[in-house]
Amino acid sequence: MIMQACWRLIVASVFAAALVATTIGASYPVEAAVSKSDQDRADRFFNDAQKRLRAGDAAAAMIELRNALQRNPDHLPARLLLGELSLQSGNVAAAEKDLRRHYDATKDERTAGKLAYALVQLRRFDEALALLGQSATSTFEGARVAGYAYASLGRRQDAETAFRKMLSIDPKSHEAMAQIARLRLEAGDFEAGKEMLDTMFTVEPNSVEGWLLKSDLALKLNRITEAREAAEKAVAVAPGDQRAQLHKARVAMMSGLYGESETAIREILARSPKNPPALYHLAVNQYSQKKFADADKTLLSVEDQLRDWPPFIMLSGLVRFQVGQVAVAERAFARYSAVEPDDARGPMMLATAYMRRDNNQGAVEALEAFLKRKPEDAGALRLLASAQLRAGAH
């Protein structure tokens, strides 16, 4: 379960550096829909944004880019760079809007890949794959995005085919090797997964992706100390990498080190106070410590960005259940069950919420519907028996 859940967390920032690097210095036509004065001011804001970004201040760069777009909404380089930085910060909904506007104006293939990546984050997988078209099987970036899309859909064979296409184009792609290793490990083929992981480390000993994968593998084997060491190594080789910091926070949480976990999360929030993935992890940390009111407040601050992300939906249901908003929790668990129909947690929590409000027949129906697909699920069967007893008693 840990390995499968990591797909959605890992995909969140895998392309961040590459996305931004392709924009700085690029040249685009600027449409003459605004005055010459506003065009000039927009250009100055954009140039200032590039300077801020080169100095390492992405938050200030985003402010300058928004200023540029206020002066000239058709300033294409500003539109693209803002979309890329929004992806890097985790604000995928905002990124999708800016990248789509840039793509609609330019039909640029590179922008199409970035937009497809944003759509993957928003779980609009079919739309992402349709946008990629032939590039999903013919280009490195297309195969890359397609691989993550297929992996998120649970189509492991298609995902591995896409990642192997990346390797055929770039035989030294340690990212492709790491993802193939992850897929092999998830499928239970530990020998093949470890072999690919070892090959990857010969190509790139300081691969963040590789160290994160080693940490995941250690977690799967319940070797928490090894998992923490690998997570620390990932942070050491890439101190500013959001994935590494969030993974370190997750491992610390699993070790019961909530203070250490929160410190890692707040380091990200100090740089990007509205960072959705960091805020989601903070809410998980607060929930784990039974700080349910704090978790509820944190979730509300990021609801607009993450409302359709299944882990967010589940966590919001759990938190609302604990703070007594059972009817709201029911709706969250029902939504989660709809988007993740094979995950027993959705119908089991939905049934639990129904029973809390004495809707025992509703609980029976929710569990029976799930068990038609997964008849051997022991937890759902036990809960169904309890719900049936309660329904009979009433």
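Structure shown above.
A quick note: this is a predicted structure, and the numbers were derived from the prediction, not measured.

Reading guide: rules and limits
Residues numbered from 1 in each chain as written. Predicted model: local features only at pLDDT ≥ 70, side-chain atom pairs only at ≥ 80, totals over all residues. Heavy atoms only, no water. Core = buried A, V, L, I, M, F, W, Y, C linked by side-chain atoms within 4.5 Å. Buried < 20%, exposed > 50% of the residue type's maximum accessible area, 1.4 Å probe, protein only. Contact = heavy atoms within 4.5 Å. Helix = DSSP H or I, 4+ residues; strand = E, 2+ residues; numbered from the N terminus. Phe/Tyr/Trp six-rings, centres within 6.5 Å; stacked < 30°, edge-to-face > 60°. Axes fitted to C-alpha atoms, helices over the stretch in contact; angles between N-to-C directions. Parallel < 35°, antiparallel > 145°, perpendicular 65-115°, else oblique. Left-handed = near helix turned anticlockwise from the far one by under 90°. Nonpolar A, V, L, I, M, F, W, Y, C, P; charged D, E, K, R; others polar.

**Student:** Describe the nonpolar core, listing the residues and the values that go with them.
**Tutor:** Residues Leu 87, Leu 132, Ala 146 and Phe 163 are the most contacted members of the largest nonpolar core, which totals 51 residues. With residues near it in sequence (within four places) discarded, Leu 132 still touches Gly 113, Ala 116, Gly 142, Val 145 and Ala 146.

**Student:** Outline the environment of Gly 240, listing residues and values.
**Tutor:** Positionally, Gly 240 belongs in the loop between helix 15 (224-237) and helix 16 (242-254). Expressed as a C-alpha distance, the spacing of Gly 240 and Glu 267, which sit 27 residues apart in the sequence, is 9.7 Å. The residues touching Gly 240, leaving out its near neighbours within four places in the chain, are Gln 245 and Arg 271.

**Student:** Summarise the packing of aromatic side chains; cite the residues concerned and give the values.
**Tutor:** The tally for this structure, following the rule as stated, stands at four aromatic pairs. A ring pair is formed by Tyr 148 and Phe 163, whose centres lie 5.3 Å apart and whose planes are at 80°; its orientation type is edge-to-face. Placement of the pair is Tyr 148 in helix 10 (residues 140-152) and Phe 163 in helix 11 (residues 156-169), with a sequence separation of 15 residues. Looking at Tyr 148, the relative accessible area reads 1%, which means it is buried. Of the residues examined, Phe 163 reaches a relative accessible area of 0% and is grouped as buried.

**Student:** Which residues make up the packing of helix 20 (residues 310-322) against helix 21 (residues 326-339), and what values go with them?
**Tutor:** Between two packed helices, the angle of one axis relative to the other and the distance separating the axes together describe the packing. Between helix 20 and helix 21, whose axes approach to 8 Å, the crossing angle comes to 155°. With respect to helix 21, the axis of helix 20 lies roughly antiparallel. Relative to helix 21, the crossing made by helix 20 is left-handed. Judged by residue contacts, Pro 310, Ile 313, Met 314, Ser 316, Gly 317, Leu 318, Arg 320 and Phe 321 of helix 20 engage Val 326, Val 328, Ala 329, Ala 332, Phe 333, Arg 335, Tyr 336 and Val 339 from helix 21. Of the residues belonging to the contact of helix 20 with helix 21, the class tally is 12 nonpolar, two polar and two charged.

Take it as geometry only, folks, not as evidence of what the structure does.
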